[in-house]
Structure formats: structure tokens, C-alpha cells
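Coordinates in review
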Amino acid sequence: MTAMNLDRLRALAEKSDLNDQALQAYLDSGVAHGGDKREHVAPYAGISSFLRAPLQDGFAGLDIAMLGVPFDLAVTNRPGARFGPQQVRELSVLAAGPKNHATGVIPGTLARFADCGDVPIASTYNLEQATQEIEDYYQMVADAGVMPLSVGGDHSISYPILKAIGRDAPAGLIHIDAHADTGGPFNGSRFHHGGPFRNAVLAGVLDPERTVQIGIRGRAEPHWDFSYDSGMRVIHIEEFYQMGLDNVLAEARSIVGTGPTYISFDVDSIDPAFTPGTGTPEIGGLLPREVQALIRGLQGLNLIGADVVEVSPPYDRSGNTALVAATILWELLCILSFAASEKKR
């Protein structure tokens, strides 16, 4: 190495600007929330929020509202998902942007988003009333014209969310899960985390012929007849690997088409070696990087919202499940931000 080359390397090591000029401009704008290599690095300090987004009361001026739904009254076995939003907030500091390295998306340049807190649920001992309270809150989100990006909570929350945002036109659905969640009443109640999408179809807010369920597996298969009877496309985990990611994406995009589409991601879609902190783990699942690639491949759809559900911290003291969930939350924020920017055009 010559002295000239070493001097040049020393100068480059001291530069303050980034090579990525678009990202540099965003950071220089003063609205970025983390990610500048010149900043004071203290991810362990301050008040936790989803993906280090600003905290905001109400939805004024927002394109996307990130919301926690601390609710697990509808689980069929292991409770604990009510603690999910809290832990995902804490771990999401490790998943925050500002730029998606794979897609190049900088969400903060495309959309306005904030952590709008948790959905208030007063009826913590009445499943049906609590479900109605969640719906009532999301009706306000829909009235504000804001896309919800929600963190549960158990998977039953998807039903009242869809009732609100699918009220004007039935939504299509990309559903990533180990379970199809189209079961009938369990123990005398239809409000459980194994039946939100059956309920949504019967309420007229979800179009089953524009619904794709990916990663399905396990002993609960007999409960999912409604998926097939109603015309949903069910891609079992074995078929996912036979088809390959690109073919799955092509079929999913073809099925949902250009209509309004919701994405629902259950952490138990991923193998419990990576996400043990969930109520109904099923071995033989997807890898985290496969779900990342799957979500990235949905960019450009007419998206109206998304959720991440079934993080149950008591079953994973390491926090790894919440970290995976937070990382998928980041991927969803990226494609929702892109969708929001397209709607503004």
C-alpha cells in the first residue's frame, strides 16, 4: 500500500456524508428518526415506540398509524399475546430503518407514520364486547383515511380490523400463517383466534376468492374446510417449497389483483426454532428470511393495511420472537409506505 493510497483511505474514513445521496438528503432534512451514522448511538435509551417512530395522539396528517392491540382473550390454549405490543416496541429499536437495504425504500420519504399507541379495550372480561370495541376504534382509523399497521395480540383482532377497513369494499388478503384461521365456533364462541377470516367473509368484508393463505400446516387442518369451500387459495408449507418463492408470489399477486388488499402475518408461520414465543407453535415452518422476501415481493399491490400477531413474550425470554416480529413489521412499513405514496399520485 502506497502512502498516497493510505492518505486517501484515511480521508475517506473521516468523511461525514453517506454514499447514498437520497438517504443523506432524508437525514439532512431533520425528520429522520435514527440511522444517521453521525448521530449519538443509544438505542437503549428513551421511550420505546414501534420502529422508533414518533409518538402521536390521533391520526391527523398521517398516512400510516402503527397501533398496538394488547388482547388475548380469544386464544385456544396458551395466553400471553396481550404482552406482544409492549415487547415488540422494545425490540423494534433493533429493526428500525431508515432504509430497506434490499429494496432501497426509505419509508420516511414516502409516507407520514407514527406510533399512535394502543387500542383502548375496556371489556377485558367480555370477548364479544372487546371485539366490538376494537372494531369501533378501527372505524375511527378508517374515517381518518389512515392505513393501520397493527401489532397484536392474538389473531382474532384481524376480524374487527377488517370489518372497519373492508366496510366499503371487501378486501383481498395475503395471509401468512401456520393455520388458516377459518374455523367455526369453538366452545360456544365464534370470536376466537382460529376463526377471524371465516367471520370476515361471512360479514361481507373479506373476499375469499381474493384470499391467499401461505405456510399452512399441522394437526388443525380439519378445521379449515371453510377455506376450501369458500374459494380461498391455500398453499401448504410443502407446496410452498415445491412451487418456490417466485411462483408463490406470482400466484398471490394474480389472485389479489389490483383490488384493496390486507396482509396478515402470524409469527407461528415461522418455524418455532426462530419464534418460540407464540401460543400455537407448529414445527416445519418458514424461515424468517423467506417471510422477508415474501413481503418484499408484495410491494406495488393496492394495500390498505397489515398486522403482525401472536407474539407471546412469556414463552420466549430471549425476546427473539419479538425481534423477528419487529423486523417483519419494518418490512410491512416499507411496502405500506410505498403503497401510500402511490395513492397520492
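The paragraphs below set out a description of the structure included in this document. In this text, all values refer to a predicted model and were calculated from it rather than measured experimentally.

1. Some details on the overall build of the chain
- Check the secondary structure of the chain and you find 12 helices and eight strands.
- Taken over the C-alpha trace, the chain has a radius of gyration of 20 Å; the compact-globule value for 345 residues is 20 Å, and the two agree within 12%.
- The principal-axis extents of the C-alpha atoms in the chain amount to approximately 75 × 45 × 45 Å.
- Accessible surface computed for the chain: about 14800 Å², of which carbon and sulfur atoms make up 51%.
- Distance between charge centroids for the chain: 6 Å, based on 26 positive and 41 negative side chains.

2. A few points about the packing of helix H10 (residues 245-256) against helix H11 (residues 288-296)
- Remark: H10 packs on H11, axes separated minimally by 10 Å, with the N-to-C direction vectors making an angle of 40 degrees. By the angle class used here, H10 and H11 are oblique. Here H10 and H11 pass one another in a crossing that is right-handed. Counting all contacts with H10, which are made through Leu245, Val248 and Leu249, the residues of H11 involved are Glu290, Ala293 and Leu294.
- Looking at the contact of H10 with H11, its residues break down into five nonpolar, no polar and one charged.

3. Brief notes about the sheet that holds strand E8 (residues 303-309)
- Pairing in this open sheet of eight strands is parallel, and the strands run E2-E1-E3-E8-E7-E4-E5-E6 from one edge to the other. Taken across any chain shown, the strands that pair with only one partner, and hence form the sheet edges, are strand E2 (113-118) and strand E6 (233-236). Taken pair by pair, the neighbouring strands of this sheet meet at an average axis angle of 15 degrees, ignoring direction.
- Across four bridges, strand E1 (residues 64-69) lies against E2 in parallel orientation. Across the sheet, Ile64 pairs through a bridge with Phe113, a residue of E2.
- Packing against the sheet, helix H5 (residues 127-143) makes contact with E1, E2 and strand E3 (147-152), and its axis sits at approximately 170 degrees to E1.

4. Some remarks on a nonpolar patch on the surface
- Among the surface-exposed residues, Leu6, Leu9 and Leu12 lie close enough to one another that they form a single nonpolar patch of about 230 Å² accessible area.
- Mapped onto the secondary structure, Leu6 falls in helix H1 (residues 3-14).
- For Leu6, a relative accessible area of 31% puts it in the partly exposed group.

5. Concerning unusual backbone geometry
- The omega angle of the peptide bond from Gly97 to Pro98 is 20 degrees, so this bond is cis rather than trans.
- With respect to the helices, strands and loops of the structure, Pro98 is situated in the loop between helix H3 (84-91) and helix H4 (107-110).
- Positive phi, normally seen in glycine, also occurs at Asn187, with a value near 50 degrees.
- Asn187 gets classed as exposed once you look at its relative accessible area, which sits at 88%.

6. Structural notes on the environment of Met232
- On the secondary structure map, Met232 appears in the loop between helix H8 (225-230) and E6.
- Residues Met232 and Arg210, 22 residues apart in the sequence, show an inter-C-alpha distance of 7.0 Å.
- Those residues in contact with Met232 that lie beyond four places of it in its chain are Thr182, Phe197, Val201, Leu206, Pro208, Thr211, Gln213 and Ser227.

7. Examining the pattern of salt bridges
- Considering all chains together, one arrives at 12 salt bridges under this definition.
- A salt bridge links Arg233 to Glu239, with the nearest nitrogen and oxygen atoms 2.7 Å apart.
- Among the ionic pairs, Glu251 bridges to Arg233, the shortest N-O distance being 2.5 Å. A residue pair is termed long-range when its members are at least 10 positions apart, and Glu251 in helix H10 and Arg233 in strand E6 qualify at 18 residues.
- On the accessibility criterion, Glu251 (25% relative accessible area) is partly exposed.
- It is possible to trace a salt-bridge network through shared partners that takes in Arg89, Asp115 and Asp118.

8. Examining the nonpolar core
- Core analysis: the biggest nonpolar cluster contains 55 residues, and Val88, Leu149, Ile174 and Leu332 have the highest contact counts within it.
- Counting residues per element, this core draws most heavily on helix H12 (residues 320-344), at 14 residues.
- Leave out the neighbours within four places in its chain, and Val88 touches Phe50, Val151, Val311, Ala322, Ala325, Ala326 and Leu329.
- Judged by nonpolar contacts, the second largest core, of 37 residues, contains Ile134, Val146, Leu162 and Phe191.

9. Points about H5
- Taking 1.5 Å of rise per residue, the 17 residues of H5 would be expected to cover 24 Å, and the 25 Å separating its terminal C-alpha atoms lies within 8% of that figure.
- By the burial criterion, the buried members of H5 are Leu127, Ala130, Thr131, Ile134, Glu135, Tyr137, Tyr138, Gln139 and Val141.
- Where H5 is buried, its residues meet E1, E2, E3 and helix H6 (158-165).
- Capping the start of H5, Asn126 holds a side-chain oxygen 3.2 Å from the backbone nitrogen of Glu128, two or three residues further along.

10. A closer look at the pairing of E6
- With four bridges connecting them, strand E5 (residues 206-216) and E6 associate as parallel partners. Considered in E6, the bridge of Ile214 is made with Ile235.
- Once you follow E5 into H8 and on to E6, the crossover reads as right-handed.

Procedures and definitions
Residues numbered from 1 in each chain as written. Predicted model: local features only at pLDDT ≥ 70, side-chain atom pairs only at ≥ 80, totals over all residues. Heavy atoms only, no water. Helix = DSSP H or I, 4+ residues; strand = E, 2+ residues; numbered from the N terminus. Rg over C-alpha atoms; globule rule 2.2 N^0.38 Å. Areas by Shrake-Rupley, 256 points an atom, 1.4 Å probe, with all protein chains shown as cover. Lys, Arg positive; Asp, Glu negative; His and termini not counted. Charge placed at Lys NZ, Arg CZ, Asp CG, Glu CD. Axes fitted to C-alpha atoms, helices over the stretch in contact; angles between N-to-C directions. Parallel < 35°, antiparallel > 145°, perpendicular 65-115°, else oblique. Left-handed = near helix turned anticlockwise from the far one by under 90°. Contact = heavy atoms within 4.5 Å. Nonpolar A, V, L, I, M, F, W, Y, C, P; charged D, E, K, R; others polar. Pairing = 2+ DSSP bridges. Patch = residues over 30% accessible without salt bridge, like charges linked within 9 Å, V, L, I, M, F, W, Y side chains within 5 Å. Salt bridge = Lys/Arg side-chain N within 4 Å of Asp/Glu carboxyl O. Buried < 20%, exposed > 50% of the residue type's maximum accessible area, 1.4 Å probe, protein only. Core = buried A, V, L, I, M, F, W, Y, C linked by side-chain atoms within 4.5 Å. Expected span 1.5 Å × (residues − 1). Polar contact = N/O pair within 3.5 Å; in protein donor to acceptor, adjacent residues only side chain to side chain. Right-handed = clockwise from strand over helix to strand, strands pointing away.

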